[in-house]
Amino acid sequence: MLDSTAKRLLVVFAILALAVGGSAAVPAGQALVVEDAETGEVLLTQHVSENSTVSVEYNHSVEKTRVLDEYTVRNGELEMTRMEFESYGWGLPARADVHKENGSYVFDPEGSWEEIYVKPGHVAGHKLHVGEKTYDLVALSDARTVRLSVTNQSVLDAALH
């Protein structure tokens, strides 16, 4: 038979186990996850909320000018909501409904994705903007292909990241 101190400790451990287990199941919101596309290793987890902005910025490999692909978090997906580029070049939209804004070509492309793949490069200098934070995707991934996705995050996940 257990003495009263042992019973109290057992009750405390049971309550802690329930609290930790329960917090792992309670959703805290959404997170942008950047992972190595080949290995699945998580390189970055950043809290995002509905309508948060996530952008990939890089230098066009041929034109050597800035390109910005902007996405908005909507319903657990990344909806492309803006593309900015400074000059036309290979891979950039030649027939889109583009307008000039502050010296850049801008348009609102269609499309929403559960995951986006990016191949960061040293020449392009890919950067990831999540809200007000900026990350060097080349350094983060060692220039390996990454997968960006939005996932639901538990209270425990949010506390650990």
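Calculation criteria
Residues numbered from 1 in each chain as written. Predicted model: local features only at pLDDT ≥ 70, side-chain atom pairs only at ≥ 80, totals over all residues. Heavy atoms only, no water. Core = buried A, V, L, I, M, F, W, Y, C linked by side-chain atoms within 4.5 Å. Buried < 20%, exposed > 50% of the residue type's maximum accessible area, 1.4 Å probe, protein only. Helix = DSSP H or I, 4+ residues; strand = E, 2+ residues; numbered from the N terminus. Contact = heavy atoms within 4.5 Å. pLDDT = per-residue confidence, 0-100. Pairing = 2+ DSSP bridges.

Examining the nonpolar core
Phase 1 of the analysis: Among the nonpolar cores identified, the biggest contains 26 residues, and Leu32, Val34, Leu78, Leu128 and Leu148 are the most heavily contacted of them.
Phase 2 of the analysis: If you list the elements that add at least two residues to this core, you get β1 (27-36), β2 (42-48), β3 (53-59), β4 (66-74), β5 (77-85), β9 (115-118), β10 (127-130) and β12 (146-154).
Phase 3 of the analysis: Looking at this core element by element, the count peaks at four residues for β5.
Phase 4 of the analysis: In contact with Val34, not counting residues within four places along its chain, are Glu41, Val42, Leu43, Leu44, Leu128, Leu137, Leu140, Val146, Arg147 and Leu148.

Brief notes about the confidence of the model for the protein
Phase 1 of the analysis: Summarising the model, the protein shows a mean pLDDT of 84, and 78% of its residues fall at 70 or more.
Phase 2 of the analysis: Contacts for the low-pLDDT stretch residues 22-27, under 50 throughout, to residues beyond four places or in other chains number twelve contacts.
Phase 3 of the analysis: Below a pLDDT of 50 lies the segment residues 155-159, which in the model reaches nine contacts outside its immediate sequence neighbourhood of four places, other chains included.

A word on the pairing of β10
Phase 1 of the analysis: Note that β3 and β10 share four bridges and pair antiparallel. Each bridged residue has a counterpart across the sheet, and for Val54 the counterpart in β10 is Val130.
Phase 2 of the analysis: For β10 and strand β11 (residues 133-136), the ladder comprises four bridges, and the chain directions are antiparallel. By the bridge assignment, Leu128 is partnered in β11 with Tyr135.
Phase 3 of the analysis: With antiparallel pairing between neighbouring strands as the criterion, β10 and β11 make up a hairpin whose turn holds two residues, including Gly131 at a positive phi of roughly 60°.

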